[in-house]
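What follows is each chain in one-letter form.
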Amino acid sequence: MDTAAPMAIPRWKTALNMIINPGEVVKSQMGKVPWPYSLSVSGLSFMLFFLQTGLDLLRSGQIEASGVVLMTMLGLLYGTAGIALLAVMVWALAQAGEREIGLGWAISAFALGYSATFVYAATGLLFSLLLGWKTAVAFGVTGVLWALRPTLFTIRQMAGDRLAFSIALTTLCGALLLAGWSLLGKFGA
């Protein structure tokens, strides 16, 4: 008789699976991922993305080193508080509470969706530091766009499989995030 309990999936593997198969992660694994862990993923993702933006602006002479530090801290705030607020807004609009989807789950799923952004931002930062490239658009924006797929699956789960609604809300979320990045980039400059 085999009574071995199933092994828990490490959180870092769940984050990587969110890039490869977000639908499965959202449906079966998100309940095991605490929201603080997920917010650390999105926070670090946007911190690196905004650091790239600051370095690009520094190279073009638009800001000084202190502006790079400010941009980096804005990215951390944007990736934690901003993503959490966006998740709360989506949770309310999708009426997820009526489907017994908790707010913690929504924040966790929404934030962990930025795992791809973390990979892109870290890679872009390497190219920026090693080769002196301007990487915020090529790597940072691309990473945010890659996060739209997990965002779609998360919203679809919260919205009760309403596909058209989920696509529209995902598009709105992507537009809000990129518009916010653009505005904060001007603020840091």
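Residues numbered from 1 in each chain as written. Predicted model: local features only at pLDDT ≥ 70, side-chain atom pairs only at ≥ 80, totals over all residues. Heavy atoms only, no water.

Caption draft 1: How the structure looks around unusual backbone geometry. You will see that Gln95, though not glycine, has its phi angle at about 55°, which is positive. Mapped onto the elements, Gln95 comes out in the loop between α4 (65-93) and α5 (103-112). A positive phi angle, close to 60°, is found at Glu100, a residue other than glycine. With respect to the secondary-structure elements, Glu100 resides in the loop between α4 and α5. (Helix = DSSP H or I, 4+ residues; strand = E, 2+ residues; numbered from the N terminus.)

Caption draft 2: Focus on a nonpolar patch on the surface. A grouping of Trp12, Leu16, Leu44, Phe118 and Val119 is seen on the molecular surface, where their side chains present a nonpolar patch of about 440 Å² in accessible area. Tracing the backbone through its elements, the reader meets Leu44 in helix α3 (residues 35-59). (Patch = residues over 30% accessible without salt bridge, like charges linked within 9 Å, V, L, I, M, F, W, Y side chains within 5 Å. Areas by Shrake-Rupley, 256 points an atom, 1.4 Å probe, with all protein chains shown as cover. Salt bridge = Lys/Arg side-chain N within 4 Å of Asp/Glu carboxyl O.)

Caption draft 3: The pattern of salt bridges, seen in detail. Taken as a whole and assessed by the stated rule, the structure comprises one salt bridge. We note a salt bridge from Asp161 to Arg156, for which the minimum N-O separation is 3.3 Å.

Caption draft 4: Focus on the packing of aromatic side chains. Inspection of every chain in the model, using the stated rule, returns nine aromatic pairs. Seen in terms of ring centroids, Phe49 and Phe50 are 5.8 Å apart; in terms of plane orientation they differ by 85°. Their pairing is edge-to-face. We classify Phe49 as buried; its relative accessible area is 0%. With a relative accessible area of 0%, Phe50 lands in the buried category. Residues Phe50 and Tyr78 carry aromatic rings whose centres are separated by 5.4 Å and whose planes lie at 45° to one another, so their mutual orientation is tilted. In this pair, Phe50 sits in helix α3 while Tyr78 sits in helix α4, placing the two residues 28 residues apart along the sequence. Look at Tyr78 and you get buried, because its relative accessible area is 14%. Put simply, the rings of Phe46, Phe49, Phe50, Tyr78, Tyr114 and Trp181 touch in pairs and so form one group of aromatic residues. Over the face of the ring belonging to Phe165 we find Arg162, whose NZ or CZ atom lies 4.3 Å from the ring centre. (Phe/Tyr/Trp six-rings, centres within 6.5 Å; stacked < 30°, edge-to-face > 60°. Buried < 20%, exposed > 50% of the residue type's maximum accessible area, 1.4 Å probe, protein only. Lys NZ or Arg CZ within 6 Å of the ring centre and 35° of its normal.)

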